[in-house]
Amino acid sequence: MDDADVIIFNTCCVRENAEDRLFGKLGEAKKFKEDKGTIIAIGGCMMQEKQITDKIKRSYPYVDIIFGTHTLENLAKDIYFALKEKKKIEDVIDIEGEIHEGTPIVRGDNIKASVAIMNGCNNFCTYCIVPYVRGRERSRKPGDIINEVEELAKKGYKEIMLLGQNVNSYLVSEREKDNNISYEVIVQGKEMIVNSFATLLKAIDEIEGIERIRFISPHPKDFTDDVIEAIANSKHICHLIHLPLQSGSTNVLKRMNRKYSKEQYLKLVDRIRRLMPDSTFTTDIIVGFPGETEEDFEDTLDVVKKVKFEQIFMFIYSIRVGTPAEKMEDQVPEEIKHKRFDRLKALAEKQIAEKNETYVGTTQKVLVEGYSKTNEKILTGRNEANVIVNFKGDKSLIGKMCDVKIIGNHIWYLEGCCDKIQE
Ligand code: SAH
Ligand code: SF4
């Protein structure tokens, strides 16, 4: 921050601790504003919450620019006016703003790239702030997505992560308005029809040069058979599925408004495994949702034991102002939430360690990303299940897909050796 002319904070409001960090950082930034007049801008989801922008204007008056999730493309102009005319700028529009095409992107990586395909959420899970700050679901046009991925492939990118708050609801809202919605796209000179998430996956799978396709976050209730088939029949879509569970208790899931039960979730995992026996899963789990009993929590542990996730993103329930769960009376005491969190963490770590052991002796296809952060002589990459694999090798392997024999395992990575590149 001390070198910057402009400090930009990009915010997330999904959990309270992310919000708290912004206020801590704003305190730090004040010194730079006072010393050298540094321009301070804040954007992202928190700026779509009125009580937050009011608080910033009231308690942090030295902030120059507040911009929202649908005004990102104006940022250069906003900074220009803040610098030249010393103006305070508030550039937040309604959450229902259109998806803006053509904003230039500077990517921090030249092997893996994220591509947003849809925005917003219609689900209103009772704990979640996202529908209130990102608005209703809307999808990008298939042609714009295909063009972006083709451009990335031309530049040498190898892995694409398709992004959306409910990535598998792609074109669902559009189809509700017009049942016959369908787009013709040209992929590698071939005409294809895109009218759903499954058909979009099939089209992207045809793009030459892209070795791996991943997507987050799908909603289990919308994980249709055509999507499972599209993945199973694809050449490049990873068989690692991120399938947010949130809770293993049907009671809690009902009060969370997730629209699936414990049994339906487990059946979905079975369906995916039947078609793709090599599939692996990661998940998100919230611990300590209001009213969660010991029995409910044990249901969550039960699903974790049954599915054996590759990785679990675990969150302690955090009250979000304006959501239905904020008003629920039976909030779980902090101490119990933390104890349950620790139990889940211990189980997850035990399972991950056991899983990593089963990799030893196998050969994994690894997309090499670069040198390891902690050792410049060691290359690092990931296998299809997104597990980190470190091995000794020449820098010419960076950006290539290699066959790596696994010779050791650690909790957060596998150790391998490689003598062959898979072209
Ligand atoms: N659309 C995705 C999730 C996006 S938010 C889905 O439906 O799975 C990312 C994760 O943050 C969620 O999966 C959830 O586990 C967590 N999360 C959301 N709101 C939360 C809250 N109030 N407290 C704790 N964790 C929360
Ligand atoms: Fe939030 Fe639920 Fe929408 Fe995911 S599906 S963004 S958890 S409301």
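These numbers were taken from a predicted model, which means no experiment stands behind them. (Residues numbered from 1 in each chain as written. Chains lettered and ligands numbered in written order. Predicted model: local features only at pLDDT ≥ 70, side-chain atom pairs only at ≥ 80, totals over all residues. Heavy atoms only, no water.)

**Q** Provide a residue-level description of the site of ligand 1, including the pertinent values.
**A** If you check the shell around ligand 1, you find 15 residues, and the closest are Arg-15, Gln-165, Gln-246, Asp-284 and Ser-318. A distance of 2.7 Å separates an oxygen atom of ligand 1 from a polar side-chain atom of Gln-246. Contacts to ligand 1 include Ser-318, whose backbone N or O atom sits 2.8 Å from a nitrogen atom. In isolation ligand 1 offers 540 Å² of accessible surface; the protein chains occlude 89% of this area. If you list the elements that add at least two residues to the shell around ligand 1, you get β13 (280–287) and β14 (311–316). Split into classes, the residues belonging to the shell around ligand 1 amount to seven nonpolar, four polar and four charged. (Near = heavy atom within 4 Å. Polar contact = N/O pair within 3.5 Å; in protein donor to acceptor, adjacent residues only side chain to side chain. Areas by Shrake-Rupley, 256 points an atom, 1.4 Å probe, with all protein chains shown as cover. Helix = DSSP H or I, 4+ residues; strand = E, 2+ residues; numbered from the N terminus. Nonpolar A, V, L, I, M, F, W, Y, C, P; charged D, E, K, R; others polar.)

**Q** Any details on the packing of helix α7 (residues 197–205) against helix α8 (residues 225–232)? Residues and values, ideally.
**A** Contact pair α7 / α8: the axes reach a minimum separation of 8 Å and the direction vectors enclose 15°. With respect to each other, α7 and α8 are oriented roughly parallel. Crossing hand, α7 versus α8: left-handed. Across from Phe-197, Ala-198, Leu-201 and Lys-202 in α7, the residues of α8 making contact are Asp-226, Val-227, Ala-230 and Ile-231. The residue inventory of the contact of α7 with α8, partitioned by class, reads six nonpolar, no polar and two charged. (Axes fitted to C-alpha atoms, helices over the stretch in contact; angles between N-to-C directions. Parallel < 35°, antiparallel > 145°, perpendicular 65-115°, else oblique. Left-handed = near helix turned anticlockwise from the far one by under 90°. Contact = heavy atoms within 4.5 Å.)

**Q** Explain the domain arrangement of the protein to me, using residue names and the numbers behind them.
**A** In terms of domains, the protein is made up of domain 1 (6–91), domain 2 (112–357) and domain 3 (360–421). Computed over C-alpha atoms, the centres of domain 1 and domain 3 are 40 Å apart. (Domains from an automatic or database assignment.)

**Q** An account of unusual backbone geometry is needed here, citing residue identities and associated values.
**A** Of note, the bond from Ile-216 into Ser-217 is cis; its omega dihedral lies within 30 degrees of zero at -15°. With respect to the element layout, Ser-217 can be found in the loop between β11 (212–216) and α8. Its identity is not glycine, yet Gln-188 carries a phi of approximately 50°, on the positive side. Tracing the backbone shows Gln-188 in the loop between β9 (183–187) and β10 (190–194). Relative accessible area serves as the criterion here: at 40%, Gln-188 is assigned to the partly exposed category. At Gln-246, a residue that is not glycine, the phi angle is positive and equals roughly 70°. Structurally, Gln-246 is set in the loop between β12 (240–242) and α9 (250–256). Judged by relative accessible area, Gln-246 falls into the buried class, the value being 7%. (Buried < 20%, exposed > 50% of the residue type's maximum accessible area, 1.4 Å probe, protein only.)

**Q** Summarise the site of ligand 2; cite the residues concerned and give the values.
**A** Around ligand 2, the structure places Cys-121, Asn-123, Phe-124, Cys-125, Tyr-127, Cys-128, Val-130, Pro-131, Asn-166, His-219 and Arg-258. Class assignment of the residues belonging to the shell around ligand 2 gives a composition of seven nonpolar, three polar and one charged.

**Q** Hey, could you go over the pattern of salt bridges for me, with residue numbers and the actual values?
**A** Within this structure, the stated rule accounts for 31 salt bridges. Between Lys-87 and Glu-85 there is a salt bridge, and its shortest N-O distance comes to 3.5 Å. Residue Asp-225 pairs with Arg-271 through a salt bridge whose shortest N-O separation is 3.0 Å. With Asp-225 in helix α8 and Arg-271 in helix α10 (residues 262–275), the pair connects residues that are 46 residues apart, well separated along the chain. On the basis of relative accessible area, Asp-225 is assigned to the partly exposed category, the value being 41%. Overall, Arg-271 belongs to the partly exposed group, its relative accessible area being 33%. Each of Glu-101, Arg-107, Arg-140 and Glu-148 takes part in one network of salt bridges that share partners. (Salt bridge = Lys/Arg side-chain N within 4 Å of Asp/Glu carboxyl O.)

**Q** Tell me about the packing of α8 against α10, and please be specific about residues and values.
**A** Between α8 and α10, the shortest axis-to-axis distance is 10 Å and the interhelical angle comes to 30°. Taken as axis vectors, α8 and α10 run roughly parallel relative to one another. Where α8 crosses over α10, the handedness of that crossing is right-handed. Packed against α8, whose contacting residues are Asp-225, Ile-228, Glu-229 and Ala-232, the element α10 presents Leu-268, Arg-271, Ile-272 and Leu-275 at the interface. For the contact of α8 with α10, the class distribution of residues is five nonpolar, no polar and three charged.

**Q** How would you explain the sheet that holds strand β3 (residues 65–67) if you had to name every residue and give the values?
**A** Pairing in this open sheet of four strands is parallel, and the strands run β1-β2-β3-β4 from one edge to the other. Of all strands in the sheet, those bounded by a partner on one side alone are β1 (6–11) and β4 (89–91). On average, each strand axis in the sheet is inclined to that of its neighbour by 10°, with strand direction left out of account. Strand direction decides the pairing type here: β3 and β4, joined by three bridges, are parallel. What sits directly across from Ile-66, in β4, is Glu-90. Set on the sheet, helix α2 (residues 50–59) makes contact with β2 (39–44), β3 and β4; between it and β3 the angle comes to about 180°. (Pairing = 2+ DSSP bridges.)

**Q** How would you sum up the side chain of Glu-19? Please name residues and give values.
**A** Examined against the element boundaries, Glu-19 turns out to sit in helix α1 (residues 16–36). Using a relative accessible area of 8% as the deciding quantity, one classes Glu-19 as buried. Among the polar contacts listed, one links the side chain of Glu-19 to the side chain of Arg-320, at a separation of 3.2 Å.

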